[in-house]
Amino acid sequence: MKLTDNVLRSFRVAKVFRENSDKINCFDFSSNGETVISSSDDDSIVLYDCQEGKPKRTLYSKKYGVDLIRYTHAANTVVYSSNKIDDTIRYLSLHDNKYIRYFPGHNKRVVALSMSPVDDTFISGSLDKTIRLWDLRSPNCQGLMHLQGKPVCSFDPEGLIFAAGVNSEMVKLYDLRSFDKGPFATFKLPLDRNCEWTGLKFSNDGKLILVSTNGGALRLLDAFKGAVLHCFGGYNNSKGVTLEASFTPDSQFIMIGSEDGKIHVWNAESGMKVALLDGKHTGPVTCLQFNPKFMTFASACSNMAFWLPTIDD
């Protein structure tokens, strides 16, 4: 089944889960699309089975809190940032609920975490104005970059380069093998003083970069030239909330939630809005991702919603 405008417009909430007492701050699908794992401001980690459509397990990180949870490539393991006590990144085995390793180094809150799509490397960006490069097998930082402001960062789909959004006005591209030589490309965007960048993602085909903000606009860039292809707006975000924006796996559409619980979808090529979906969320839709393998997506406020299409085009 192929994603089209009509199929996207037909999506409806199939299941709602009320496992959390506070907002879900992040979730991540496993690469095979069979599970999704969430982190919440209530210090819990909830693992959901996407095929059966139900929560499987709940773990707690009461002491350190939990944010920015990401699956690694090893089965049943995750990395996540702390939002209490310190700013150490933790590597957890879900199988026995034990920490495998800690990654200390940042001295302010971690605001970006991206796992390499191909190996055990990951990068983190922090309010301490640094990006750190790590390897899951070692607690020591493998590389450090000092920046001029708050960073957002992400790997490209090949895991060969990563992009850093700096100070809400520049995107810098680094080659992973020689990042210490500095960026091989820098794109300067017009500065919008009304908002700051909160996220940066590559499309799966590697051709586009999506920059999300805590304001009412998203920017879509050409990943090679840095030109702004489209600006997407018209969704509600008056309180400066961090709303996650995502590509569909085919790189054809862009989605974001809003503070009124609705989901907005645009065509990446034309820039036209193709759908407005009502998720009946009780709060802002802070997290939103499409399943990498199955025709379903998830959205979250303090509740988690699984969506399915109601037509097969």
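The coordinates are above.
Residues numbered from 1 in each chain as written. Predicted model: local features only at pLDDT ≥ 70, side-chain atom pairs only at ≥ 80, totals over all residues. Heavy atoms only, no water.

A.B. asks: What's the story with the overall build of the chain in this structure? I'm lost.
C.D. replies: If you tally the helices and strands in the chain, you get 1 helix and 28 strands. Taking 2.2 N^0.38 as the reference for a compact globule, 313 residues should give roughly 20 Å; the C-alpha atoms of the chain span a radius of gyration of 18 Å, in line with that estimate. When its C-alpha atoms are laid out on the principal axes, the chain stretches across 50 × 45 × 35 Å. Looking at the chain residue by residue over its 313 residues, the buried ones come to 59%. Partitioning the intrachain contacts of the chain with sequence separation of at least 6 by distance along the chain shows that 44% fall at a separation of at least 24. Accessible area of the chain: about 13500 Å², with a carbon and sulfur share of 48%. Averaging the coordinates of the 36 positive side-chain charges in the chain and doing the same for the 35 negative ones gives two points 3 Å apart. (Helix = DSSP H or I, 4+ residues; strand = E, 2+ residues; numbered from the N terminus. Rg over C-alpha atoms; globule rule 2.2 N^0.38 Å. Buried < 20%, exposed > 50% of the residue type's maximum accessible area, 1.4 Å probe, protein only. Contact = heavy atoms within 4.5 Å. Areas by Shrake-Rupley, 256 points an atom, 1.4 Å probe, with all protein chains shown as cover. Lys, Arg positive; Asp, Glu negative; His and termini not counted. Charge placed at Lys NZ, Arg CZ, Asp CG, Glu CD.)

A.B. asks: In this structure, what is going on with the sheet that holds strand β9 (residues 98-103)? I would like to understand it.
C.D. replies: Strand pairing in a sheet relies on backbone hydrogen bonds. The paired strands run either parallel or antiparallel. Across the sheet, which stays open at both edges, the 4 strands sit in the order β6-β7-β8-β9 with antiparallel pairing between neighbours. The two strands at the open ends of the sheet, each matched to only one other strand, are β6 (67-71) and β9. On average, each strand axis in the sheet is tilted by 25 degrees relative to the strand beside it, whichever way the strands run. Direction of pairing for β6 relative to strand β7 (residues 77-81): antiparallel, over a ladder of 3 bridges. Paired with R70 across the two strands is V79, which belongs to β7. (Pairing = 2+ DSSP bridges. Axes fitted to C-alpha atoms, helices over the stretch in contact; angles between N-to-C directions.)

A.B. asks: Any chance you could explain the pairing of strand β28 (residues 304-308) here in plain terms?
C.D. replies: If a strand is regular, its side chains alternate between the two faces of the sheet. Of all 5 residues in β28, 4 are buried; the element is thus mostly enclosed. Bridge analysis of strand β27 (residues 297-300) against β28 gives 4 bridges, and the strand direction is antiparallel. Opposite F297, over in β28, you have W307 as the bridge partner. Taking the residues that link successive antiparallel strands as the turn, the β27-β28 hairpin has 3 residues.

A.B. asks: Can you help me understand the nonpolar core in this one?
C.D. replies: A general feature of soluble globular proteins is that nonpolar side chains tend to end up buried together. In this structure, L3, F11, I263, V265, L277, F290 and F297 are the most contacted members of the largest nonpolar core, which totals 18 residues. Those elements giving two or more residues to this core turn out to be α1 (5-9), β23 (253-257), β24 (262-267), β25 (273-278), β26 (287-290) and β28. Setting aside chain neighbours within four positions, we find L3 in contact with L8, F11, T248, D250, F253, F290 and M295. By size, the runner-up hydrophobic cluster in this structure holds 15 residues, among which are I161, V171, I209 and V211. (Core = buried A, V, L, I, M, F, W, Y, C linked by side-chain atoms within 4.5 Å.)

A.B. asks: How should the pattern of salt bridges be read in this particular structure?
C.D. replies: When the charged atoms of two side chains with opposite charge come close together, those side chains can pair. Per the counting criterion, the structure on display carries 10 salt bridges. A salt bridge links R177 to D175; the nearest nitrogen and oxygen atoms lie 3.2 Å apart. Classification of R177 as exposed rests on a relative accessible area of 65%. Across the pair K280 and D278 runs a salt bridge whose closest N-O atoms are separated by 3.8 Å. For K280, a relative accessible area of 65% gives the class exposed. Residue D278 is classed as partly exposed on the basis of its relative accessible area, which comes to 38%. It is possible to trace a salt-bridge network through shared partners that takes in D120, D135 and R137. (Salt bridge = Lys/Arg side-chain N within 4 Å of Asp/Glu carboxyl O.)

Note that every value here comes from positions in space, so none of it alone points to a role or purpose.
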